[in-house]
Amino acid sequence: MSMNSLFDKYANTLAHLPGSFAEHAGLPASLRMDAEGRYEVYYAPFDHVNTSARIVLVGITPGRTQALEAISVARRALLGGRSFTEAAEAAKKVASFAGPLRKNLIALLDSVGVSERLGLASTADLWTSHTHLVHFTSALRYPVMERGKGYGGAGLARSAFLKKQVERWFAPECRALSSALYVPLGTAAQAACEYLVQQGSLDAKQILGGLPHPSGANAERIAYFLGRKPRSLLSSKTRADLLDEGRTAALKVVEAWA
């Protein structure tokens, strides 16, 4: 079992969830770990840490759909007689950023030279032949709900409760992967990484910031960053100067990364 894991504690609960658990709103009450004010934290099997990884992709927190899928995978594995370690590893694989987001993320990483630094034809290989090089995680490892809905990242810097979650679960991962490159997806995940720089758990030189969030809703900013859309055709809401600064900063980080 991986470091700092709660899987052993919750394995029996996972195995005995009713088959209809995903049909109810929210997440199973039996998996509620902690709460304060507007926030609730639930267990989902995202414990496994790939300590041989050279690159760490960091979201803010698993969403409900992702959490339910991980719970379902772990439940089936346990009921099928697989070991705790095997069940935990199988569940964690659903945290691998799928769909259009993955396609955009691969293009962004390749465009700033990450694939070349890893010795890969493309960072798409991180999801196929070279999974040993990547660790998928979240700044808030276990799903956080805000007033019954998925937490979107706002207010992290002002919440002692959320920062405690970052320190308790994400910081040990950073210390265990002390030479990896960290790629925060979005401003909230980047803020969490920067907070751990202040706490001494992460080196600022390890953070590959400056990339636009790879969400499909961010299509224009991604297109400009990748050189697929000229500045003259950008809408007024897209800050080309900030994207240019981000690209320059990202290239420098990758170049300096050992």
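It should be emphasised that the depicted structure is a prediction, and the values quoted were computed from it without experimental measurement.

**Considering the packing of aromatic side chains**
- Enumeration over the complete set of coordinates arrives at 9 aromatic pairs.
- When the ring of Tyr39 is compared with that of Tyr151, the centres are 5.7 Å apart and the planes differ by 90°; the resulting orientation is edge-to-face. Taken together, the residues span a long stretch of sequence, with Tyr39 in strand S2 (residues 39-42) and Tyr151 in the loop between strand S6 (149-150) and helix H6 (160-176) at a distance of 112 residues. As far as burial versus exposure is concerned, Tyr39 and Tyr151 are alike and both buried.
- On the numbers, 5.4 Å between centres and 40° between planes, the contact of Tyr43 with Tyr142 is tilted. Of the two residues, Tyr43 sits in the loop between S2 and strand S3 (55-59) while Tyr142 sits in the loop between strand S4 (134-138) and strand S5 (144-146), which places them 99 residues apart along the sequence.
- Look at Tyr43 and you get buried, because its relative accessible area is 1%.
- A residue is classified by how much of its surface remains accessible, and Tyr142, at 2% relative accessible area, is buried.

**Remarks on empty space enclosed by the protein**
- Under the counting rule described, the total for this entry stands at 1 cavity of 30 Å³ or more.
- Each pocket or cavity is described by its volume, and for the largest cavity that value is around 30 Å³.
- In terms of lining, the largest cavity is formed by Leu105, Leu108, Val183, Pro184, Leu185, Gly186, Leu211, Pro212, His213 and Pro214.
- Going through the elements one at a time, helix H4 (99-111) and strand S7 (181-184) are the ones with two or more residues in the lining of the largest cavity.
- Of the residues that constitute the lining of the largest cavity, the class distribution is 8 nonpolar, 2 polar and no charged.

**Details of the side chain of Thr238**
- Note on placement: Thr238 falls in the loop between helix H8 (219-225) and helix H9 (240-256).
- What makes Thr238 buried here is its relative accessible area of 10%.
- Within the structure, the side chain of Thr238 is placed 2.4 Å from the side chain of Glu220, a separation counted as a polar contact.
- Once you skip the residues sitting within four places of it in the chain, Thr238 turns out to touch Glu220, Arg221 and Leu243.

**Re the pattern of salt bridges**
- What the rule picks out here adds up to 6 salt bridges.
- A salt bridge links Arg239 to Asp241; the shortest N-O distance between them is 2.9 Å.

**Remarks on the pairing of strand S1 (residues 32-36)**
- Relative to S2, S1 runs antiparallel, the two being bridged by 4 bridges. Bridging across to S2, Glu36 finds its partner in Tyr39.
- Turn length for the S1-S2 hairpin, with the two strands adjacent in sequence and antiparallel, is 2 residues, and the turn residue Gly37 shows positive phi of about 60°.

**Things to note about the pairing of S2**
- When S2 meets S5, the two strands line up antiparallel, connected through 3 bridges. When the bridges of S5 are listed, Glu40 appears paired with Met145.

**Here we look at the environment of Leu126**
- If you trace the backbone, Leu126 turns up in the loop between helix H5 (114-118) and S4.
- When its relative accessible area of 0% is taken as the criterion, Leu126 is described as buried.
- Beyond its immediate stretch of four places on either side in the chain, Leu126 contacts Ile55, Leu118, Leu120, Thr131, Leu133 and Val134.

Rules used in this analysis
Residues numbered from 1 in each chain as written. Predicted model: local features only at pLDDT ≥ 70, side-chain atom pairs only at ≥ 80, totals over all residues. Heavy atoms only, no water. Phe/Tyr/Trp six-rings, centres within 6.5 Å; stacked < 30°, edge-to-face > 60°. Helix = DSSP H or I, 4+ residues; strand = E, 2+ residues; numbered from the N terminus. Buried < 20%, exposed > 50% of the residue type's maximum accessible area, 1.4 Å probe, protein only. 1 Å grid on protein atoms, 1.4 Å probe; cavity = no way out; pocket = protein on both sides within 12 Å on 5 of 7 lines; lining within 4 Å. Points joined across faces, edges and corners; volume = space filled by probe spheres on them. Nonpolar A, V, L, I, M, F, W, Y, C, P; charged D, E, K, R; others polar. Polar contact = N/O pair within 3.5 Å; in protein donor to acceptor, adjacent residues only side chain to side chain. Contact = heavy atoms within 4.5 Å. Salt bridge = Lys/Arg side-chain N within 4 Å of Asp/Glu carboxyl O. Pairing = 2+ DSSP bridges.

In short, shape yes, function no, at least from these values alone.
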